[in-house]
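Structural overview
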Amino acid sequence: MDVKNKRVIVLGMARSGVAAAKLLAKRGAVVTISDMKTEESFGGALDELKALGCTFALGEGPQKYLADQDMMILSPGIPVAKPFVQEAIAGGVEVIGELELGARMMRGGLCAITGTNGKTTTTTLVGELFRATGRPTHVVGNIGYPITADAGDMTDDDLTVAEVSSYQCETISTFHPHVGAVLNITEDHIARHGSMEAYIGMKRRIFANQTAEDWAVFNYDDPTCHEMAKGLAAKIAWFSRTQEVSCGVWVRDGMIVLNLGDGEKAICRADEVFIPGPHNLENALAAVTIAGAMGVAPALMAPVLRTFRGVEHRIETVRELDGVTWINDSKGTNVDSTQKAIATMTRPTVLILGGSDKGASFDPLAQTIIAAPQIVHCVLIGDTAEKIKAALDKAGYTATTMAGYDFDLCLRLCREKAPEGGCVLLSPACASFDMFKDFEDRGRVFKEKVMALR
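We now turn to the structure provided with this report. Small disclaimer: the values here were computed from a predicted structure and weren't measured. In every chain, residue numbers begin from 1 and rise along the written sequence. Reporting of local features is limited, given that this is a predicted model, to residues whose pLDDT is at least 70; pairs of side-chain atoms are given and counted only at 80 or more, and all residues count toward the totals for whole chains, interfaces and linings. Hydrogen atoms and water are omitted, and side-chain values are computed over all heavy atoms in the structure.

Describing unusual backbone geometry
Backbone geometry follows two general trends: most residues other than glycine have a negative phi, and most peptide bonds adopt the trans configuration. Even without glycine at this site, Asp253 takes up a positive phi of about 55°. We count a stretch as a helix when DSSP gives it H or I for four or more residues in a row; a strand needs E for two or more, and each element gets its number in order from the N terminus. Here Asp253 is to be found in the loop between strand S12 (248–252) and strand S13 (255–259). You can call Asp253 exposed: its relative accessible area is 73%. The phi angle at Asp322 is positive, at roughly 55°, despite the residue not being glycine. Looking at the element boundaries, Asp322 is found in the loop between strand S15 (316–321) and strand S16 (324–328). Relative accessibility under 20% of the residue-type maximum defines a buried residue, over 50% an exposed one, and the middle range a partly exposed one, all with a 1.4 Å probe and only protein chains included.

Considering the pairing of strand S11 (residues 235–239)
Inspection of the sheet shows strand S10 (residues 215–219) paired to S11 by five bridges, in the parallel sense. In the strand pairing of S11, Trp215 is matched with Lys235. For the segment spanning S10, helix H10 (residues 223–228) and S11, crossover handedness is right-handed. Criterion used throughout: strands pair if DSSP finds at least two bridges between them. When the strands point away from the viewer and the path from the first strand over the helix to the second turns clockwise, the crossover is right-handed.

What about the state of the cysteines?
The disulfide criterion is simple: two cysteine sulfur atoms within 2.5 Å. Evaluated as defined, the whole model comprises zero disulfides. Here Cys247 is not cross-linked by a disulfide; its sulfur's nearest cysteine counterpart is in Cys111, at 15 Å. On the basis of relative accessible area, Cys247 is assigned to the buried category, the value being 14%. With no disulfide of its own, Cys423 lies 12 Å from the sulfur of Cys414, the closest cysteine sulfur.

Remarks on the sheet that holds strand S2 (residues 30–35)
Spatial ordering of the open sheet is given by S3-S2-S1-S4-S5, a layout of five strands whose pairing is parallel. Both edges of this open sheet fall to strand S3 (55–58) and strand S5 (94–97), since each of them pairs with a single strand only. Between one strand axis and the next, the sheet turns through 20° on average, direction left out of account. Judged from the five bridges that link them, strand S1 (residues 7–11) and S2 form a sheet pairing that is parallel. Between the N-to-C directions of two axes lies an angle of 0 to 180 degrees, each axis being a line fitted to C-alpha atoms and, for a helix, fitted only over the stretch in contact.

Remarks on the packing of aromatic side chains
Between the rings of Phe, Tyr and Trp (Trp by its six-membered ring), a pair exists once the centres lie within 6.5 Å; its type follows the angle of the planes, with under 30 degrees stacked, over 60 edge-to-face, and the other angles tilted. This model, assessed by the stated rule, comprises six aromatic pairs. Taken together, a centroid distance of 5.2 Å and an interplanar angle of 90° make the contact between Tyr220 and Trp238 edge-to-face. A residue pair is termed long-range when its members are at least 10 positions apart, and Tyr220 in the loop between S10 and H10 and Trp238 in strand S11 qualify at 18 residues. Overall, Trp238 belongs to the buried group, its relative accessible area being 11%. Geometrically, the ring pair formed by Trp326 and Phe446 is tilted, given 6.3 Å between the ring centres and 45° between the ring planes. One end of the pair, Trp326, is in strand S16; the other, Phe446, is in helix H17 (residues 439–452), and 120 residues separate them in sequence. According to the relative accessible area criterion, Trp326 is buried, its value standing at 1%. Using a relative accessible area of 0% as the deciding quantity, one classes Phe446 as buried. By the ring-pair criterion, three or more aromatic residues cluster together here, those being Phe207, Phe218, Tyr220 and Trp238.

Next up, the structure:
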C-alpha cells in the first residue's frame, strides 16, 4: 500500500492511533492527528510524532480538517455511524481502522481470531504455537499491541495472529486472514451495535475476503457458529470438546485429535492442557485447529499446551491470604465470560460483580449463580449494581451486599464474607469504565490492593 504524499487524518491517540500515525509518517504520508485531549495531557508522548512532521489537531473535533483528507484512520472506540464520519465518507474520504491499515502494509501469514470470549487467551496461545516453529511471530490487535507497530518491518516468513473485536470489524474492507476463527458468540456490545444480528454480522466480516485456499474455524458446540459458517468461500474446520467432527479438532477418549483432511494425529491428553476449565480446553482446541491449518507440526504443539499458563486478568490467581485464594478475572466483561469463570470454581466463593452497563440482561447470570452452590455471596459494585441485584432477587438469591463505587469497601466486605479455604473471584460480568480506565486497570488495581492486604 503506497501512502506517499497522501493526506491522512488519524482519529484517537491511544496505542493503535499512535502506532498508525508513526507508520504512515514513516511511509511518507501527510499525517494530521486528531484527539479531544489537549497536547498538555500527552506529556512527551507526541515528541516522536512531531519529529516525523505530523500536524496536530488536539482538544477539538476533527470536522474542520476533513475536507482536505484522502483517508481517515478511525479509532475502534468511535462508531462509523457518527455524523462526522458519515460526512467524511460522503465527501470521498476512505475510512478504515488501524487493523485494516496494518493488514494492508504487513507481509507473511495472517490469522484472525474473534468471538465473544476467550479471544486473548487463544490469540496468545496461537502465538506461542507459532513461535515453536522458530518463525518470527507477531501477536497483535485487540490484545493491546497494534498491528501497525510491526507491520512495516515484516517479511514473507513472518507469522501474525490478530485478536479482532467487533468494533474493529466495522472498519475493515480488504482484510484477508489466511485463517479466521470464531470462538463463540453470546450477547455482548448490544449498546454499540444495536442488536445481536448486527453484532454477529460484524464478527462474520473477518471471512468476507477469504478464498477457497483459506480456512474458517468455528466452535462446533456453539449453534450460532453453524449459521455463521454457511455460504463462506473458505474451507471450514471445527473444534469441539463434546463430539467428533468431520474436519478439525476434537477430544476422543481423553486425547486431543487433529484431522484437517490429511489423516488423524494425536496431540496430547486433554488433561495435560495447563490452563484450567472447560472453556480453556475449548480455547486450546481452537488454537490447535488454527495452528494446524497454518502448518504447525503436531509434535511442536504438545509441549506448548502443557506449559502455557494463560494471560493476565483471566482467572489469574493473585495470592492466598488467611486461607482464602484471591482470583483476578477482570476480563470477565460480559455475562457468558463470568458464567464460565463460575464453572471453574470448586470451593466456596465470594463473587465481585458490577461495572458499566453494556445493555445485556443479567437474568441468565442470576440463574447460573442460583444453581452454583460454590457461590456463597456476591458483592456488587458500580453502575450496574442495582440492576444485577434486581436480577438476583428475582431468581431468589439474596446473599448480596452493595459496595457502591468504593473498591476498598468491596474488598473489605469480600474478606469478611469469604470462608477459610474459599475464594474471592473478581469476574464482574460488566465493562469497567464507570470506575476504571479499562479492564486491565481494574485488574491491576485489584491485584495491587489484594497484595497490600495484611
